[in-house]
Amino acid sequence: MIITPFLVIFMIVVFVLLFLFLNTVDRRKWLTGLISLILTPFVYFYMFYPFVNIVSNYHHQKYFNSEAWVEKPALRYEMIDNTIASDTLIGLSKTEIENQLGKYEWLSWNDKKQAHDNDKWNYGLGIEPGAFNGEKECVELTFTNDKVSEVKHYQEEITYENEEE
């Protein structure tokens, strides 16, 4: 575990809150301080830290990895920011994209043609963690002359299909 300033500050906050709470139960400062000191790591790692992870939408950023993209599609959102920023996919042909990302998952709809557009491939990126997140992450690759010209990251509302009996 890496000790960071945020970890120290949050541990102190948890200790103070525990101390104040336990001080209402027992007025002996030495006992309250000792119990607070012992309980602080447990309360931090089993209550405070999970709660912060649930309400925040922070996630680790990863570099693009073709194997991880194909094997773990639910974690693609971790790779997309770096992939777009570094222009990793720009200029690749459809064949190269299919080798690295796999076959497209769906094609965008073109209203002018009233058909799917073979030059706009879409991939699902998974659902970014967070308690109040109701959207799935997606990426659209736009091809011009059989080469990727644009990579667009967007979010789409999560929908559930009704099963008819």
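In the block above lies the structure referred to throughout.
Definitions and limits used
- Think of each chain on its own: its residues are numbered from 1, step by step along the sequence as written.
- Residue-level local features of this predicted model are given only where pLDDT is at least 70; pairs of side-chain atoms are given and counted only at 80 or more, and the full residue set underlies all totals for whole chains, interfaces and linings.
- Remark: hydrogens and water are excluded; side-chain values derive from all non-hydrogen atoms of the structure.
- Secondary structure is summarised from DSSP: a helix means a run of H or I of at least four residues, a strand means a run of E of at least two, and numbering begins at the N terminus for each.
- The contact criterion used is simple: two residues touch if any of their non-hydrogen atoms lie within 4.5 Å.
- Put simply, a patch holds well-exposed residues, over 30% relative accessible area, that have no salt bridge, with like charges counted together within 9 Å and Val, Leu, Ile, Met, Phe, Trp or Tyr side chains within 5 Å.
- Only the protein chains shown count as cover for residues, with accessible areas throughout obtained via the Shrake-Rupley method and a probe of 1.4 Å.
- By definition, a salt bridge exists where a carboxyl oxygen of Asp or Glu is found within 4 Å of a side-chain nitrogen of Lys or Arg.
- Pairs of strands are assigned from DSSP output, requiring at least two bridges between the strands.
- Lines are fitted to the C-alpha atoms to define the axes, a helix being fitted only along its stretch in contact, and any angle between axes, read from their N-to-C directions, falls within 0 to 180 degrees.
- Under the scheme applied here, a residue whose accessible area is under 20% of the maximum for its type counts as buried, over 50% as exposed, and between as partly exposed, the area being computed with a 1.4 Å probe on protein chains only.
- We define a polar contact as two N or O atoms separated by no more than 3.5 Å, with the added condition that, inside protein, one atom must be a possible hydrogen donor and the other a possible acceptor, whereas residues neighbouring each other in sequence contribute only through side-chain atom pairs.

Q: Just checking my understanding: could you explain the environment of Trp121 for this structure?
A: Structurally, the position occupied by Trp121 is in strand β2 (residues 115–126). Along the sequence, Trp121 and Lys94 sit 27 residues apart, while their C-alpha atoms lie 9.5 Å from each other. Not counting residues within four places of it along the chain, the set of residues in contact with Trp121 comprises Lys94, Ile97, Glu98, Tyr104, Trp106, Leu107, Val139, Glu140, Leu141 and Phe143.

Q: Whenever I open this one, a nonpolar patch on the surface confuses me. Can you help?
A: A cluster of nonpolar side chains, namely Trp30, Leu34, Ile35, Ile38, Leu39, Phe42, Phe45, Tyr46, Met47 and Tyr49, defines an oily patch on the protein surface of about 1,100 Å² accessible area. Within the secondary structure, Tyr46 is located in helix α2 (residues 29–55).

Q: Looking at this model, I keep getting lost on the sheet that holds strand β1 (residues 106–110). Mind explaining?
A: Strand pairing in a sheet relies on backbone hydrogen bonds. The paired strands run either parallel or antiparallel. In spatial order, the strands read β1-β2-β3-β4; together these 4 strands make up an open sheet with antiparallel pairing. The outermost strands of the open sheet, each flanked by one partner alone, are β1 and β4 (147–157). When the angles between neighbouring strand axes are averaged without regard to direction, this sheet yields 35°. The pairing of β1 with β2 spans 4 bridges and is classified as antiparallel. By the bridge assignment, Leu107 is partnered in β2 with Trp121. Sitting on the sheet, helix α4 (residues 77–85) is in contact with β2, β3 (135–144) and β4, with an inclination near 140° to β4. Contacting β2, β3 and β4, helix α5 (residues 94–101) crosses the sheet at an angle of about 25° to β2.

Q: Could you clarify how one ought to interpret the side chain of Arg76 in this entry?
A: Its place among the elements puts Arg76 in the loop between α3 (66–71) and α4. Owing to a relative accessible area of 4%, Arg76 belongs among the buried residues under this scheme. A polar side-chain atom of Arg76 sits 2.9 Å from the main-chain carbonyl oxygen of Gly124. Ignoring any residue separated from it by four or fewer positions in sequence, one finds Arg76 in contact with Trp69, Glu105, Tyr123, Gly124 and Leu125.

Q: So what exactly am I meant to see when it comes to the environment of Gly102 here?
A: Summarising the element assignment, Gly102 is placed in the loop between α5 and β1. For the pair Gly102 and Ile90, spaced 12 residues apart in sequence, the C-alpha separation works out to 16 Å. Excluding its chain neighbours within four sequence positions, the residues that come into contact with Gly102 are Ile97 and Tyr123.

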